[in-house]
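Residue strings, one per chain:
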Amino acid sequence: HVWGLMDGEYYVQSNVLTYSVTILPPAKDITLNVEVDEGYDEDDYYSLEWGAPAFEVVTTASEDIDAEIIYKECDKELGRAKVGEVFEIDPIDLGLGDHIITATLKGSEDYNEANYTFTLNVEKKIIWYKLQIDNVTYPDHAVGKFYSDVDGKYTITINGEDYEVD
């Protein structure tokens, strides 16, 4: 063992062989931080409705480095983005409930691995709808118009009979 040597290159000689030894500086510790769109609390727990636009995340590092961040939920990789670039998480891909997301910067000879964890909660979307029926005089038939903020097929029951509307 040799103690007290600084970074650099040294030559070690024994009776038989000469060795070249390079001592590298220790890898740096990096701190990650996650920035999100305005309108979300900054407490690492973010909520949005199912079907909402993609949740945008930017992971920054305490050092100016050109590296890739890997986003995972448990062992499932959600995708990758460079440090400082936007990464989008689609709430529909996650499903309902709490999802613990980890942003990981893999280590190298220059810096140690770093992680940042946050929770993304995907909530049920409350569907707005309206059924509008114009006034009608007997014996004419009523005509209804159905409006909703979520596309899809709906079933309306009138006097026990089901009607499917888009």
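The notes below deal with the structure included here. All residue numbers here refer to positions counted from 1 along the written sequence of the relevant chain. Totals for whole chains, interfaces and linings use every residue, but because this is a predicted model, local features are given only for residues with pLDDT of at least 70 and side-chain atom pairs only at 80 or more, for both listing and counting. As a rule here, side-chain values come from all non-hydrogen atoms in the structure, and water together with hydrogens is ignored.

## Here we look at the nonpolar core
Step number 1: Nonpolar cores are built from buried Ala, Val, Leu, Ile, Met, Phe, Trp, Tyr and Cys residues. Side-chain atoms within 4.5 Å join them into one set. Each residue is assigned to one of three classes by its accessible area relative to the maximum for its type, calculated with a 1.4 Å probe on protein chains only: buried under 20%, partly exposed between the two thresholds, exposed over 50%. Phe55, Ile89, Leu105, Phe118 and Leu120 are the most contacted members of the largest nonpolar core, which has 26 residues in total.
Step number 2: Strands are runs of DSSP state E lasting at least 2 residues, helices are runs of H or I lasting at least 4, and numbering of each runs from the N terminus. Taken together, the elements giving at least two residues each to this core come down to β3 (32-36), β4 (45-49), β5 (55-61), β6 (68-73), β8 (86-89), β9 (97-105) and β10 (114-123).
Step number 3: Element by element, the count of residues in this core is highest for β10, at five residues.
Step number 4: By definition in these notes, contact holds between two residues if any of their heavy atoms fall within 4.5 Å. With residues near it in sequence (within four places) discarded, leucine 120 still touches Tyr46, Leu48, Phe55, Ile89, Leu94, Gly97, Asp98, His99 and Ile101.

## Regarding the pattern of salt bridges
Step number 1: Definition used for salt bridges: Asp or Glu carboxyl oxygen within 4 Å of a side-chain nitrogen of Lys or Arg. Tallied over the entire structure, the rule returns eight salt bridges.
Step number 2: Close ionic contact of lysine 125 with glutamate 49 constitutes a salt bridge, the shortest N to O distance being 3.5 Å. Of this pair, lysine 125 sits in the loop between β10 and β11 (129-133) while glutamate 49 sits in strand β4, and the two are 76 residues apart along the sequence.
Step number 3: A relative accessible area of 32% places glutamate 49 in the partly exposed class.
Step number 4: Of the charged contacts, one joins aspartate 149 and lysine 125 as a salt bridge, the two residues approaching to 3.5 Å between their closest N and O atoms. Of this pair, aspartate 149 sits in the loop between β12 (144-148) and β13 (154-158) while lysine 125 sits in the loop between β10 and β11, and the two are 24 residues apart along the sequence.
Step number 5: Shared partners join several salt bridges into a network, and the residues in it are Glu49, Lys125 and Asp149.

## Looking at the sheet that holds strand β7 (residues 76-82)
Step number 1: In this scheme, strands are said to pair when DSSP sees at least two bridges between them. As summarised here, the arrangement of the five strands in space is β4-β10-β9-β6-β7, forming an open sheet in which the pairing is mixed. The two strands at the open ends of the sheet, each matched to only one other strand, are β4 and β7. Ignoring strand direction, the axes of neighbouring strands in this sheet form an average angle of 25°. Note on definitions: angles span 0 to 180 degrees between N-to-C directions of axes, and those axes are lines fitted to C-alpha atoms, for helices only across the stretch in contact.

## Concerning unusual backbone geometry
Step number 1: Tyrosine 138 connects to proline 139 through a cis peptide bond whose omega is 15°.
Step number 2: In this structure, cysteine 74 is a non-glycine residue whose phi angle is positive, near 55°.
Step number 3: As for its placement among the helices and strands, cysteine 74 is situated in the loop between β6 and β7.
Step number 4: Positioned with a positive phi, asparagine 159 is a non-glycine residue whose angle comes to about 50°.
Step number 5: Among the secondary structure elements, asparagine 159 is positioned in the loop between β13 and β14 (161-165).
Step number 6: Owing to a relative accessible area of 82%, asparagine 159 belongs among the exposed residues under this scheme.

In short, geometric facts, not functional conclusions.
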